[in-house]
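Examining the three-dimensional arrangement
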Amino acid sequence: IKTIEPVMKKFPDARFVLIGDSGEMDPEAYAELASRYPDRVAKILIRNAYNEDEPGRYAKIFSGVPRDRWRVFKNSAEIRPDLPR
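The structure displayed is predicted, hence computed values, not measured ones. Per chain, the residues get numbers from 1 upward, laid out in the order the sequence is written. In keeping with the predicted nature of the model, local features appear solely for residues at pLDDT of at least 70, side-chain atom pairs appear and are counted solely at 80 or more, and the whole-chain, interface and lining totals rest on all residues. Computation of side-chain values covers all heavy atoms of the structure but excludes hydrogens and water.

With that out of the way, let us pick up the pairing of strand β2 (residues 41–47). The element β2 is largely enclosed, with a buried count of 6 among its 7 residues. Paired strands are those between which DSSP finds at least two bridges. Helix and strand definitions here come from DSSP, where helices need a minimum of 4 consecutive H or I residues and strands a minimum of 2 consecutive E residues; each element is numbered from the N-terminal end. Here strand β1 (residues 16–21) pairs with β2 via 6 bridges, running parallel. Each bridged residue has a counterpart across the sheet, and for Phe-16 the counterpart in β2 is Val-41. Handedness of the crossover joining β1 and β2 through helix α2 (residues 26–36): right-handed. By the bridge criterion, 4 bridges tie β2 to strand β3 (residues 70–73) in an arrangement that is parallel. When the bridges of β3 are listed, Leu-45 appears paired with Arg-71. Throughout this description, buried means an accessible area under 20% of the type-specific maximum (1.4 Å probe, protein chains only), exposed means over 50%, and partly exposed covers the range between. For the handedness criterion, the strands are oriented away from the viewer, and a crossover whose path from the first strand over the helix to the second runs clockwise is classed as right-handed.

Structure follows, in structure tokens:
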């Protein structure tokens, strides 16, 4: 958040696609940014780095983010249709 939020503030008219992985706190940080800036976060894409299969983990983290705005993927080819044009 400390790194991304200043960029978002510097470009107040921009929308962002946040791409990260499940290995650190990316899902939690991106969910927080989406709650602070709901009209500015176009999409959140999280690579499932460790083949985690924790039932409900992501649904819980992203509970305040519309389901069509976030996705968990294993292979980058999976996200191509999700990227905003």
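So, next bit.
Read across the sheet, 3 strands follow the order β1-β2-β3 without closing on themselves; strand pairing throughout is parallel. Both edges of this open sheet fall to β1 and β3, since each of them pairs with a single strand only. Each strand axis lies, on average, 15 degrees off the axis of its neighbour in the sheet, ignoring direction. Residue contacts are defined here by distance: any two heavy atoms, one from each residue, within 4.5 Å place the two residues in contact. Every angle, taken between N-to-C directions, lies between 0 and 180 degrees, and every axis is a line fitted to C-alpha atoms, over only the stretch in contact when it is a helix. Taken strand by strand, α2 contacts β1 and β2, and its axis lies near 170 degrees from that of β2.

One can find Arg-69 in the loop between α3 (57–61) and β3. A residue is classified by how much of its surface remains accessible, and Arg-69, at 24% relative accessible area, is partly exposed. Residues Arg-69 and Leu-45, spaced 24 residues apart in sequence, show a C-alpha to C-alpha distance of 8.5 Å. For Arg-69, the contacting residues outside a window of four places in its chain are Arg-15, Pro-38, Val-41, Ala-42, Lys-43 and Ile-44. Here a polar contact means two N or O atoms within 3.5 Å. Within protein one must be a hydrogen donor candidate and the other an acceptor candidate, and residues neighboring in sequence count only if both atoms are side-chain atoms. Only 2.5 Å separates the side chain of Arg-69 from the backbone oxygen of Pro-38, close enough to count as a polar contact.

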